[in-house]
Each structure stands twice: as C-alpha cells, then as structure tokens.
Amino acid sequence: MINSEKNRLKDKAFQYFGLGCTILGLLVLAVFLGDIIMKGIGRIDWDFLTSFPSMRAKKAGILSAWVGTLWMLGLTAFISIPIGIGAGIYFEEYAKKSRLANLLEINLANLAGVPSIIYGLLGLEIFVRSMGMGTSLLAGACTLALLILPIIIVSTREALRAVPNSIRQASYGMGANTWQTIWHQVLPASMGGILTGIILSLSRAIGETAPLIVTGALAYVAFVPSGPMDQYTVMPMQIFNWISRPQQDFQVNAAAGIIILLCITFLLNGIAVFLRNRWQKKVKW
Amino acid sequence: MEKLSIKDKKLEAINLNVYYGEKKVLKDVNIAIKANTVTAFIGPSGCGKSTFLRTFNRMNDYVEGFRKEGDIIIDGKDIYQKMVRVEDLRKKVGMVFQKPNPFPKSIFENVAYGLKIQGINNKQLIEDTVEKSLKQSALWEEVKDDLKKSALSLSGGQQQRLCIARALALEPSILLMDEPASALDPISTSKIEDLIWELKEKYTIVIVTHNMQQAGRISDNTAFFYMGDLVEYDETKKIFTNPEKERTQNYITGRFG
Ligand SMILES: Nc1ncnc2c1ncn2[C@@H]1O[C@H](COP(=O)(O)OP(=O)(O)OP(=O)(O)O)[C@@H](O)[C@H]1O
Ligand SMILES: [Mg+2]
C-alpha cells in the first residue's frame, strides 16, 4: 500500500520534472526567437531582399546570400539525391548480406558523426584543388553533398526496410525481376520516408557554414551567381559577416537574415512533415 | 492411382530433399501431378507443405540457407537448371500466398502489374485482361465501379480474390495456392472453391489447405505430408475413405494434431 503510494508520488514527481524541462527548453527557444524577431522583423522589406550587401548597413541587402543558398541547395540536392538513394537501394536490396556491405555500413554510421569542418578540409583537397573546381558553387555543393550523403543513405535504408517483405514476394511471384520490384513496388511504397530523410538532411545542409568557409565561400559578394562554376556566398556566411561587425545597424541586418534563414528551414521541415503524413495515410500495412 | 505417362506429367518432383541450413524439411519426396487437375497438400503445421509448394516456382531461392537435392520437372524441363529464367518460370507458374498481399496501389494497377512488367502497353488489352481476371476470381461485381480505389481498402476476402485475379492475369498454366481461404469467411471461401473448380479446365492447380472438407470437395488428388515425408499420395476419394497408411487415417479423422 505504502509502496504503491510512494510509486505514484514518484511517477507524479517525474511527470512534473519532465514537463518542467520541456517548458524550460521551449522558453529558452522562445526568448531567443522573440529577441531575434523583435530586432530584425522591421528590417525585412523588398529592398532588403533585392539589394546586394553594402558598406552602409541601412542600404545593405541579402540578395546574393539567399540566391547563393538556393543555388547551393539545388546543386547539393541534385548531387546527393541520386547517389544517396542509389547507395541506399544497393545496401538494402542487393548487398544485404555481403561482408563488404557490412563493413561499409559500420563506416557509414561513423561518417555521419564526423565534424563538418573535416568534410570542408576534404572538399578543399579533393574538389577545390585536385579536381580543379576552384572556390565555386559546385565545389561547395559537392562538399555538402558528401556531408549529408550518410544521412540520406541511412534514412533511405530505413524507409526501404519498412516495406514488408510480402510485397516483394508478391512482385517476384508475378515474374518481376529485382529491379522491377524495387522500381514499381518498393520505391513508391517507401517514397514518403525517403523524401523526409532527404529534406531533413538538406535543411541541415543550408545551415552549414564551416565546410563552405574552408572551400572558399566569399563573405562579400555583390553579384548573383549565374552558374555552378561561379563564386558565391550563402546566408549563414552573410549573417556571420554582419554579426561580427561592431555597428548596431549591422546587428539588425543579421537578425533579419536569421529570420529569413529560419523561415527557409521551417518551410523545408514543414514539407517533410507534410510528405510523411501524406504517405503514411496512403500506405498502411 | 493411375500411372502417368511422361506426356501427362505437368509437375514432377524426383527424390527431392530440401534443407534450410542444417535442417532437413523435405525428405526424399516423389510426386507426379497430372495436367488440369486439382491436387491438395494436407498435413500438420510445419510439415513442409508451403516449402514444397514454393519449390515449384522457386520462391525458396530468397530464403537464407535454402538448399535442395533432387529435381523439379515442369513440362519435361528441370526448372532449377542454370539456363532457366525464374521470371519466365513464374509467369507460367502463378502463386497465391497464404496471407493476402495486395500491392499498396489501386485495384486496377494490382491486376495490371503482371502485364506492365512484361512491357505490355496496349491499353485495351490491359483493360480487357483486368476485367476478365476480376470476373474469373468473382470480384468484378464488387469492384467494377471503383477500380481506382486502393486495394488496401478491400476486405481480407476481397484482397485474396484480388490476389487470385492478379495471378490469373498472367494466364499461367499452373496455379499454386497456399491456404488461399484460411483468412476468409464461408461465403468468400465457397466463392474461391467454385472458382477453383472452374479454373481446372485451363489450369493445373496445387492447393495447400488445413481444411479437410475443402480438400475433399475440390481436389482430384491429395498428398498427405508428415514431418517432411510424403506419407501418402492418391486419389482424394481413396485418401478420405480408405487410406493405405494408418497415419493418414488418423490425421484425416482428427485423431492427432
Ligand atoms: N525461412 C525459413 N527458414 C528456416 N526454416 C524455415 C523457414 N520457413 C520454414 N521453415 C521451417 O521449415 C519447416 C516447414 O515449414 P513450412 O512453412 O513449409 O510448413 P507448412 O507445412 O507450410 O506449415 P503451415 O501449415 O503452418 O503453413 C518448418 O519446420 C519451418 O520451421
Ligand atoms: Mg504453410
């Protein structure tokens, strides 16, 4: 009796403790967000979005940064999606039991934990120097693609694994070969999970700064890149550049930039959640 | 049971042993099945019926540790030979699984899948085949107005008939059915049994069942398995009225499980 009473108390206590932690976490985030928004929201207008950076804070804009970020996003997606899905399919559907696949799998998990600056150094050596891409968008995108590939591969594998084997059996049983089974049945059934993984990893990529600093993103760009071999800057670079200046007006610019970057990230995450819910409703086992 | 001439043999297993890893699950099985008959496989759970059934379309190839000795002959050809393309084999030897496993797609796409993967694009042909197959499997009346509906929204019995339609769309000459009615209500079950009777004219059917009455109703011949042995194989009438072996007698009368 007394014991169960005690347990109930403990249970309640822990419940409140958990609630407290959650509120604290949200509170810190809310204060931070509130601060940024108060500071920056007034600065966001059409001019801010369509102007190049400038020595004068009031005239400076974020055009080259957000266009650069979109370029970077597109190129990174273009490079990492086919390779990531392809590798995920290979591991999960073809090489399931081979020793090599096991070895690669363990290393893949480790790769996902490597600090991003290391990827930057790798990118500098391979893409910028050896392959002669220079400090171009392409070199940066290749580096970011490398950075998020392990995440895409792992999430693709998880999505493929969630497709019940009975579906594969049914397909094989009707005379389909492995590729047809994957293309017509397994991929469509797992697309929700795969897309979610891709979008989440891309939203991580657009926040990355360190690898791009190393591979040569510029801090001050007064032009819009017109092709993958052009030089560029990205939002986090621009924000960092502004924040590190002493003038108060630049701090406001930085806050406004952060709001826009956050909006892009939230948008991507929103799409991911939407896709997941949609596919979950459609495919139920 | 009549001796079959080589010409009459549709399916044949010769000295077949099957192993999963170390475990031997089929022991020296010999059987010859005549074209356009229904053959029932019966026996207690785990005796190897499904395993045996799946050797005829090589679905065991995907099971880890699977190994076989002996031969499986279909239409006079050893199907485990290197030159055989399993994809072609499975177009000829259709299968309905124990648990309904429709694709998470529309009813229409489910039935059209077999044609699609063969590269058939003729819309009219596909539509005709879908309709014909759904009629054959007695599902057409229930779904004809809503072929775009997801197959997963069908009831279990409807799903199983859809799986049968899907297999029929390929016009196989052999149909393997692994307890196709185990998850169905009596009405769906009797529909499927009627269907099997009709299909016999064109197909050779092998069906695994735990339902003795069902085996008695629909099959011409019955094979009784026990712990990997083919104990007795004979005309269904004979098996159910006057079996040779005591074990068969006991199983059929329900005296052991
Ligand atoms: N994938 C597998 N790996 C290892 N052993 C297996 C596998 N599938 C089946 N077995 C074993 O092989 C034996 C025969 O199994 P099988 O599924 O053929 O039996 P069954 O007669 O169809 O039984 P049921 O009536 O319950 O469906 C069983 O002992 C089972 O444990
Ligand atoms: Mg079985």
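Residues numbered from 1 in each chain as written. Chains lettered and ligands numbered in written order. Predicted model: local features only at pLDDT ≥ 70, side-chain atom pairs only at ≥ 80, totals over all residues. Heavy atoms only, no water.

Overview of the overall build of chain A
We count it as follows: Secondary structure is summarised from DSSP: a helix means a run of H or I of at least four residues, a strand means a run of E of at least two, and numbering begins at the N terminus for each. For the exposure calls, accessible area comes from a 1.4 Å probe over protein chains only, and a residue counts as buried if that area is under 20% of its type's maximum, exposed if over 50%, partly exposed in between. Working rule for contacts: check all heavy atoms of both residues, and any pair within 4.5 Å makes them a contact. All accessible areas in this document rest on Shrake-Rupley with a 1.4 Å probe, and a residue is counted as covered only by the protein chains that are shown.
Scanning chain A for helices and strands turns up eleven helices and zero strands. Projected onto its principal axes, the C-alpha coordinates of chain A cover approximately 70 × 70 × 35 Å. Looking at the 285 residues of chain A, the share that counts as buried comes to 47%. Relative to all contacts within chain A whose residues are 6 or more apart in sequence, the contacts with residues 24 or more apart total 74%. A total accessible area of about 15,000 Å² is found for chain A, and carbon and sulfur atoms account for 69% of it.

Digging into the overall build of chain B
Our working rule: C-alpha atoms define the radius of gyration, and 2.2 Å times the number of residues to the power 0.38 defines the globule rule.
Along its length, chain B carries ten helices and ten strands. Compactness check: chain B gives a C-alpha radius of gyration of 18 Å against a globular reference of 18 Å for 257 residues, within 12% of the reference. Counting only C-alpha atoms, chain B reaches 50 × 45 × 35 Å along its principal axes. Within chain B, buried positions represent 56% of all 257 residues. Sequence-distant contacts in chain B: of pairs separated by 6 or more residues, those separated by 24 or more amount to 67%. Roughly 11,800 Å² of accessible area belongs to chain B as shown, and the carbon and sulfur atoms make up 48% of that amount.

Focus: the sheet that holds strand 6 (residues 93-96) of chain B
Residues and elements named next belong to chain B. As a reminder, the rule being used: The pairing criterion is simple: DSSP has to find at least two bridges between the two strands. For helices, the fitted axis covers only the stretch in contact; all axes are lines through C-alpha atoms, and the angles between them, taken along N-to-C directions, range from 0 to 180 degrees.
Spatially, the six strands line up as an open sheet ordered 6-7-8-3-9-10, and their pairing is mixed. In this open sheet, the two edge strands, each paired with only one partner strand, are strand 6 and strand 10 (229-235). Mean inter-strand twist for the sheet, computed between neighbouring axes without regard to direction, equals 15 degrees. Set on the sheet, helix 6 (residues 156-168) makes contact with strand 6 and strand 7 (174-178); between it and strand 6 the angle comes to about 175 degrees. On the sheet, helix 7 (residues 186-199) packs against strand 3 (38-42), strand 7 and strand 8 (204-208) and is oriented at approximately 150 degrees with respect to strand 8.

Section: the nonpolar core
Taken as a class, soluble globular proteins show a tendency for nonpolar side chains to be buried jointly. To keep it simple, the criterion reads: Remark: nonpolar core denotes a set of buried residues (Ala, Val, Leu, Ile, Met, Phe, Trp, Tyr, Cys) joined through side-chain atoms within 4.5 Å.
Within the largest apolar cluster, 69 residues are counted, with the highest numbers of intra-cluster contacts made by Ile62(A), Met72(A), Leu187(A), Ile194(A), Leu212(A), Tyr232(A) and Trp242(A). Taken together, the elements giving at least two residues each to this core come down to helix 3 (63-94), helix 5 (116-130), helix 6 (137-161), helix 7 (165-173), helix 8 (178-205), helix 10 (235-243) and helix 11 (248-282) of chain A together with helix 3 (107-117) of chain B. Among the elements that take part in this core, helix 11 of chain A stands out by supplying 13 residues, more than any other. With sequence-adjacent residues up to four places away left out, Leu187(A) is seen in contact with Ile85(A), Ile89(A), Leu160(A), Ile182(A) and Ile194(A).

A closer look at the interface of chain B and chain A
We apply this condition: Once two parts are put together, the accessible area they lose, assessed with a 1.4 Å probe and summed over both, is termed the buried area. Criterion for a salt bridge: a side-chain nitrogen of Lys or Arg within 4 Å of a carboxyl oxygen of Asp or Glu. Contacts described as polar in this section are N or O atom pairs within 3.5 Å, which, within protein, must combine one atom able to donate a hydrogen with one able to accept it, while residues neighboring in sequence count only if both atoms come from side chains.
Counting residues at the interface gives 20 residues for chain B and 21 residues for chain A. Of the roughly 1,900 Å² buried between chain B and chain A on both sides combined, carbon and sulfur atoms contribute 63%. When the area that chain B buries against chain A is broken down by residue, the three leading residues are Pro104(B), Tyr113(B) and Ile117(B), summing to 28%. One can count zero salt bridges joining chain B with chain A. Where chain B touches chain A, the interface holds four residue pairs in polar contact (both at pLDDT 80 or more). Sorting the residues of the side of chain B that touches chain A by element identifies helix 2 (86-92) and helix 3 of chain B as the ones contributing at least two each.

Some words on helix 4 (residues 123-136) of chain B
Residue and element names in this part refer to chain B. Which entries qualify depends on this criterion: Given a helix with a known number of residues, its expected span is that number minus one, times 1.5 Å. This arc is built from the directions going out from the helix axis to the C-beta atoms.
The end-to-end C-alpha distance of helix 4, which contains 14 residues, comes to 20 Å, matching closely the 20 Å that a straight helix rising 1.5 Å per residue would cover. Along helix 4, the residues classified as buried are Ile 126, Thr 129, Val 130, Ser 133 and Leu 134. Seen from one end, helix 4 has its buried residues packed into an arc of 125 degrees, which puts them on one side. On its buried face, helix 4 is in contact with helix 3, helix 5 (140-143) and helix 6.

Notes on the site of ligand 1
Residue and element names in this part refer to chain B. Using the following cut-off: Each residue is tested against the molecule or strand, and it is near if at least one of its non-hydrogen atoms lies within 4 Å. In this classification, Asp, Glu, Lys and Arg are treated as charged, Ala, Val, Leu, Ile, Met, Phe, Trp, Tyr, Cys and Pro as nonpolar, and every other residue, Gly included, as polar.
Near ligand 1, the surroundings consist of 14 residues, among which Lys 23, Ser 45, Ser 50, Thr 51 and His 210 are the closest. One nitrogen or oxygen atom from the side chain of Thr 51 is found 2.5 Å from an oxygen atom belonging to ligand 1. Look at ligand 1: alone it shows 630 Å² of surface, and the protein chains cover 67% of it. Elements supplying a minimum of two residues to the shell around ligand 1: strand 2 (23-34) and helix 1 (49-55). Looking at the shell around ligand 1 element by element, the count peaks at three residues for helix 1. Partitioned by chemical class, the residues of the shell around ligand 1 number four nonpolar, seven polar and three charged.

Let's talk about the confidence of the model for chain B
Selection criterion: One confidence number per residue, pLDDT, is output by the predictor and ranges from 0 to 100.
A residue-level look at chain B finds 99% of positions with pLDDT of 70 or above and a mean pLDDT of 91. The ipTM assigned to the predicted complex is 0.91, against a pTM of 0.84.

Describing the packing of aromatic side chains
Selection rule: Note on aromatic pairs: the rings of Phe, Tyr and Trp (six-membered ring only in Trp) are paired at centre separations within 6.5 Å, and the planes decide the class, stacked below 30 degrees, edge-to-face beyond 60, tilted for the rest. In our convention, an over-ring charge means Lys NZ or Arg CZ found within 6 Å of a ring centre and within 35 degrees of that ring's normal.
Scanning all chains against the criterion turns up twelve aromatic pairs over all chains. Here the aromatic rings of Phe103(B) and Tyr113(B) are separated by 4.8 Å at their centres, their planes lie at 65 degrees, and the arrangement is edge-to-face. With Phe103(B) in the loop between strand 6 and helix 3 and Tyr113(B) in helix 3, the pair connects residues that are ten residues apart, well separated along the chain. An aromatic cluster of at least three residues, connected via ring pairs, comprises Phe41(B), Phe52(B), Phe56(B) and Phe225(B). Lying over the aromatic face of Phe250(A), Arg245(A) brings its terminal NZ or CZ to 4.4 Å of the ring centre. Here the guanidinium or amino end of Arg166(B) rests over the ring plane of Phe103(B), the centre of that ring lying 4.5 Å away.

Some points on the pattern of salt bridges
Residues and elements named next belong to chain B. Inspection of the entire model under this criterion finds 24 salt bridges over all chains. Put simply, Arg 58 and Asp 61 hold a salt bridge, and the shortest N to O gap is 2.9 Å. Assessed through its relative accessible area of 13%, Arg 58 is described here as buried. For Asp 61, a relative accessible area of 33% translates into the label partly exposed. Glu 193 serves as the salt-bridge partner of Arg 217, at 2.7 Å between the closest nitrogen and oxygen. On the criterion of sequence distance, the pair formed by Arg 217 in helix 8 (residues 212-218) and Glu 193 in helix 7 is long-range, its members being 24 residues apart. Since its relative accessible area comes to 6%, Glu 193 is described here as buried. Overlapping salt bridges bring together Arg 85, Glu 87, Asp 88 and Lys 91 as one network.

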